[in-house]
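The primary structure of each chain is shown beneath.
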Protein chains: 2
Amino acid sequence: MKKFMNRAETLVAESLAGFVAAHERLVAFGADRKFIRRRSLRPGKVALISGGGAGHEPMHVGFVGKGMLDAACTGHVFTSPTPDQIIAAIRETDGGEGCLLIVKNYDGDVMNFEMAAELAGAEHRIATVIVRDDVNPGGSKRSQGRRGVAGTLVVEKLLGAAAEAGWRLDELSALGEDLNGRIRTVGVSLRGVTVPDTERETFVLHENEMEMGVGIHGEPGRARVKFATADEIVETMLEAILSDLAPDQSDKLLLFINGFGGTPVSELYLAYNCARARLARLGVTVARSLVGTYVTSLDMAGLSVTVARLEERELSLWDAPADTAALRW
Amino acid sequence: MKKFMNRAETLVAESLAGFVAAHERLVAFGADRKFIRRRSLRPGKVALISGGGAGHEPMHVGFVGKGMLDAACTGHVFTSPTPDQIIAAIRETDGGEGCLLIVKNYDGDVMNFEMAAELAGAEHRIATVIVRDDVNPGGSKRSQGRRGVAGTLVVEKLLGAAAEAGWRLDELSALGEDLNGRIRTVGVSLRGVTVPDTERETFVLHENEMEMGVGIHGEPGRARVKFATADEIVETMLEAILSDLAPDQSDKLLLFINGFGGTPVSELYLAYNCARARLARLGVTVARSLVGTYVTSLDMAGLSVTVARLEERELSLWDAPADTAALRW
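All figures in this text were calculated on a predicted structure; none of them were measured in a lab.

1. What about the relation of the copies chain B and chain A?
The second copy of the chain is related to the first by a rotation about an axis and a shift along the axis.
Okay, so step 1: Overlaying chain B on chain A yields an RMSD of 0.0 Å, the required transformation being a rotation through 180 degrees with an accompanying axial translation of 0.0 Å. Classification of the inter-copy transformation places it as that of a two-fold axis. Distance from the rotation axis, computed per C-alpha, reaches its smallest value in chain B at glycine 262 of chain B: 2.1 Å.
Okay, so step 2: Comparing interface residues between copies, 100% of those in chain B also lie at the interface in chain A; the contact surface is shared.

2. Here we look at the interface of chain B and chain A
Okay, so step 1: On the side of chain A, 51 residues touch chain B, which itself brings 51 residues to the contact.
Okay, so step 2: Buried area between chain B and chain A, summed over both chains or domains, comes out near 4,400 Å², and the portion from carbon and sulfur atoms is 59%.
Okay, so step 3: Taken together, the links from chain B to chain A amount to two salt bridges.
Okay, so step 4: Where glutamate 267 of chain B meets lysine 3 of chain A, a salt bridge forms, and the shortest distance between an N and an O atom there is 3.9 Å.
Okay, so step 5: Summed over the shared surface of chain B and chain A, the number is 25 residue pairs in polar contact (both at pLDDT 80 or more).
Okay, so step 6: Sorting the residues of the side of chain B that touches chain A by element identifies α1 (11-22), α6 (230-245), α7 (265-281), β14 (285-292) and β15 (302-310) of chain B as the ones contributing at least two each.
Okay, so step 7: Here the residues of the side of chain B that touches chain A are counted per class, giving 25 nonpolar, 13 polar and 13 charged.

3. Details of the pattern of salt bridges
Okay, so step 1: As enumerated under the stated definition, the model contains 50 salt bridges over all chains in all.
Okay, so step 2: Of the charged contacts in the structure, one is a salt bridge between aspartate 170 of chain A and arginine 168 of chain A, with a shortest N-O distance of 3.3 Å.
Okay, so step 3: In this structure aspartate 170 of chain A comes out as partly exposed when scored by relative accessible area, which is 47%.
Okay, so step 4: Classification of arginine 168 of chain A as partly exposed rests on a relative accessible area of 47%.
Okay, so step 5: Notably, a salt bridge pairs arginine 168 of chain B with glutamate 171 of chain B, separated by 3.8 Å at the nearest N-O pair.
Okay, so step 6: Through salt bridges with shared partners, a single ionic network connects Arg38, Arg42, Lys45, Asp70 and Glu164 of chain A.

4. Examining the packing of aromatic side chains
Okay, so step 1: Counting across every chain of the model gives six aromatic pairs over all chains.
Okay, so step 2: Ring geometry for tyrosine 269 of chain A against phenylalanine 19 of chain B: centres 5.0 Å apart, planes inclined by 75 degrees, an arrangement best described as edge-to-face. Taken together, the residues span two chains, with tyrosine 269 of chain A in helix α7 (residues 265-282) and phenylalanine 19 of chain B in helix α1. Here tyrosine 269 of chain A matches phenylalanine 19 of chain B in class, with each residue buried.
Okay, so step 3: Ring centres 5.3 Å apart and planes at 50 degrees place the aromatic pair tryptophan 318 of chain A and tryptophan 329 of chain A in the tilted group. Of the two residues, tryptophan 318 of chain A is situated in helix α8 (residues 312-319) and tryptophan 329 of chain A in the segment after β16 (323-324); the sequence distance between them amounts to eleven residues.
Okay, so step 4: On the basis of relative accessibility, which here comes to 30%, the residue tryptophan 329 of chain A falls in the partly exposed class.

5. Side note on the side chain of lysine 157 of chain B
Residues and elements named next belong to chain B.
Okay, so step 1: Of note, lysine 157 is situated in helix α4 (residues 151-164).
Okay, so step 2: Despite its burial, lysine 157 remains without a salt bridge, the nearest opposite charge being carried by aspartate 319 at 7.4 Å.
Okay, so step 3: Within the structure, lysine 157 has its side chain in polar contact with the backbone oxygen of tryptophan 318 (distance 3.3 Å).
Okay, so step 4: If we skip the residues at most four places from it in the chain, lysine 157 touches Gly67, Met68, Leu317, Trp318, Ala320, Pro321, Ala322, Leu327 and Trp329.

6. Quick word on the domain arrangement of chain A
Residue and element names in this part refer to chain A.
Okay, so step 1: Domain parsing of chain A yields domain 1 (10-182) and domain 2 (183-319).
Okay, so step 2: Taking only C-alpha atoms into account, the centre of domain 1 sits 22 Å from that of domain 2.
Okay, so step 3: Each partner contributes to the interface: domain 1 provides 39 residues, whereas domain 2 provides 42 residues.
Okay, so step 4: The junction of domain 1 with domain 2 conceals about 3,300 Å² of combined surface from both sides, 63% of it contributed by carbon and sulfur atoms.
Okay, so step 5: Ranking the residues of domain 1 by area buried against domain 2 places Phe78, Val135 and Arg182 at the top, with a combined share of 23%.
Okay, so step 6: Seen at the junction of domain 1 and domain 2, the total is four salt bridges.
Okay, so step 7: We note a salt bridge from glutamate 219 to arginine 147, for which the minimum N-O separation is 3.1 Å.
Okay, so step 8: At the boundary of domain 1 with domain 2, the tally comes to 21 residue pairs in polar contact (both at pLDDT 80 or more).
Okay, so step 9: Breaking the side of domain 1 that touches domain 2 down by element, the ones donating at least two residues are β5 (71-77), α4 (151-164) and α5 (169-180).

7. Observations regarding a nonpolar patch on the surface
Okay, so step 1: Taken together, Met111, Met115 and Leu119 of chain A make up a surface patch of nonpolar side chains, about 310 Å² in accessible area.
Okay, so step 2: Positionally, leucine 119 of chain A belongs in helix α3 (residues 107-120).

8. Some words on the packing of α4 of chain B against helix α5 (residues 169-180) of chain B
All names here are of chain B.
Okay, so step 1: Contact pair α4 / α5: the axes reach a minimum separation of 10 Å and the direction vectors enclose 155 degrees. On the basis of their axis angle, the class for α4 and α5 is roughly antiparallel. Here α4 runs over α5; the crossing is right-handed. Facing α4, whose interface residues are Val155, Leu158, Leu159, Ala162 and Ala163, α5 presents Leu172, Leu175, Gly176 and Leu179.

9. Describing unusual backbone geometry
Okay, so step 1: Cis geometry marks the peptide bond from glutamate 57 of chain A to proline 58 of chain A; its omega dihedral reads 10 degrees.
Okay, so step 2: With respect to the element layout, proline 58 of chain A can be found in the loop between β3 (47-54) and β4 (65-66).
Okay, so step 3: Each neighbour pair has its own omega, and for methionine 59 of chain B with histidine 60 of chain B the value is -10 degrees, a cis peptide bond.
Okay, so step 4: Relative to the elements of secondary structure, histidine 60 of chain B occurs in the loop between β3 (47-54) and β4 (65-66).
Okay, so step 5: Its identity as a non-glycine residue notwithstanding, arginine 33 of chain A has a phi of 55 degrees, on the positive side.
Okay, so step 6: The phi angle at phenylalanine 78 of chain B is positive, at roughly 55 degrees, despite the residue not being glycine.
Okay, so step 7: Along the polypeptide, phenylalanine 78 of chain B turns up in the loop between β5 (71-77) and α2 (83-93).
Okay, so step 8: Residue phenylalanine 78 of chain B is classed as buried on the basis of its relative accessible area, which comes to 8%.

10. Examining the sheet that holds β15 of chain B
Residue and element names in this part refer to chain B.
Okay, so step 1: A sheet is described by the order of its strands in space; here six strands give the open sequence β12-β11-β10-β15-β13-β14, paired in mixed fashion. With partners counted over all chains shown, the strands left at the sheet margins are β12 (223-226) and β14, one partner each. In this sheet, adjacent strand axes meet at a mean angle of 20 degrees when their direction is disregarded.
Okay, so step 2: Alignment of strand β10 (residues 183-189) against strand β11 (residues 209-212), held across two bridges, turns out to be antiparallel. Looking across to β11, one finds that valine 188 is bridged to methionine 212.

Calculation criteria
Residues numbered from 1 in each chain as written. Chains lettered and ligands numbered in written order. Predicted model: local features only at pLDDT ≥ 70, side-chain atom pairs only at ≥ 80, totals over all residues. Heavy atoms only, no water. Least-squares fit on C-alpha atoms with pLDDT ≥ 70 in both. Contact = heavy atoms within 4.5 Å. Buried area = accessible area lost by both parts, 1.4 Å probe. Salt bridge = Lys/Arg side-chain N within 4 Å of Asp/Glu carboxyl O. Polar contact = N/O pair within 3.5 Å; in protein donor to acceptor, adjacent residues only side chain to side chain. Helix = DSSP H or I, 4+ residues; strand = E, 2+ residues; numbered from the N terminus. Nonpolar A, V, L, I, M, F, W, Y, C, P; charged D, E, K, R; others polar. Buried < 20%, exposed > 50% of the residue type's maximum accessible area, 1.4 Å probe, protein only. Phe/Tyr/Trp six-rings, centres within 6.5 Å; stacked < 30°, edge-to-face > 60°. Lys, Arg positive; Asp, Glu negative; His and termini not counted. Domains from an automatic or database assignment. Patch = residues over 30% accessible without salt bridge, like charges linked within 9 Å, V, L, I, M, F, W, Y side chains within 5 Å. Areas by Shrake-Rupley, 256 points an atom, 1.4 Å probe, with all protein chains shown as cover. Axes fitted to C-alpha atoms, helices over the stretch in contact; angles between N-to-C directions. Parallel < 35°, antiparallel > 145°, perpendicular 65-115°, else oblique. Left-handed = near helix turned anticlockwise from the far one by under 90°. Pairing = 2+ DSSP bridges.

Take a look at the structure:
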């Protein structure tokens, strides 16, 4: 295993230090470097806090900034941040309007964010949105039910814009819950990932295999299938999504192709092209698009397809300005 | 070799079609899909045209838009665009103020852009900047002298902003030449790349080896060395750059860490952190920073470090708005 690192014990801290130094206009470390926050907090808005294990960069630190998150807490690689980190972020960012915690549905994350919410609940108004966009309803050994994967970006963008526009905590929380039924993601991997601590690949695929339905922690997916053309792969993925999401021709869709870290951007655009053509044949409208490497699983070669059914209100929230390291428009 | 593709013969065309569809607000295909251009050309400015082989995405297509390029011509993987493509781009984008061709110093690119300039020269005013930012003065079998690598992004950003600000063709050309002496890049690779057509890795590295001084076409670098810590790797790279660039403490530096396609963003920030610390110890000032996957070599695991000595004028050009798929601020 060759990775750009000095020691496994310090790689997350060193990488975050580099991130803050590179984006000092946008972000700063919170107290004791327990989290990364917007450099300038805006009073009078609900604070949005997310986080999770390292290894998914640029999520979530790259989504901190105007129009998205107020703070992101990062744990060790594929390991939830501690309640202590989350509480510190709540204390520092709550300007009186309360805090919304956006949590991916993985057991460790859910447990630690819940504990933080409980411990800080006496002094702060807190609501939690648990993102569940994975098409796989059975979850995995790391989660009960659908996992929270690349659709988390969509939730954080929409709720971030809404918070910026002055929505109250209960309104944001309701939109978050509502979005859970309208965003679906499926991932495919061509290669396992190597976790820096263990130096082992999480699963090993043969030259003619791929893993369909993977999450973002190197856990195996729901089926190991034969490798195929991009058209065939994307068609299989869209089928799983659309049978769940059941959009009709009046729906406005967001189509998001996300790279897992080791996939060249040219292949992401090729996959986007396949998906776009397939959706056109089905007569549904792609109203917004995003293609890039945003929600990763270290250097995993693979990608996910996310489709969201958005109403006019959410299209406006999607289009609202964002000024973060990873998303900016 | 597993890649998201349908057929090797069509992968570039399919990927570009996806790119244009995903970014239709910004870009459009030029005549006969020979190049990608800004959706709205601005009359009264010099047209900036670049291009090269596919496999380096998001460069150059991701740099087409306001404040950067007017058109980008893409060849097949690691293969120069044809003179025919370049001439079509010149014809469609020259609004009367002439065209500046920005060419990476690789023999095939230089030859084809020169031929296009010659053939179109009777009807259009054309100047050419050949980017030579590689620290390796000897070049490789694909180039005479320093290659044009990640520093090309810096040249395209600065000249793009200058063109937007109304600089004339001769002024842009002079700045481009001047920048060649002030931008240096060195790349390191942990793994060879697999070219879709050949299905062979361009070079094979053992578990304890890395290739120092690589270009962006999978060609070997100037030395195969023992794998080391990120601190040691970055120090070696900066030494090569700084001995060439010789900045002093009054210089304002741009520090750009570029991923080659297969490197996680967390490792890029870690490398940035190492470089930033090293430069701080040397007492030189990092005035601007960029970290990301911009100038790639398919899915090569590796990164490059670029340092540019910028004067106040260039800092303003760097800060000027850009609205492209890959760079936006």
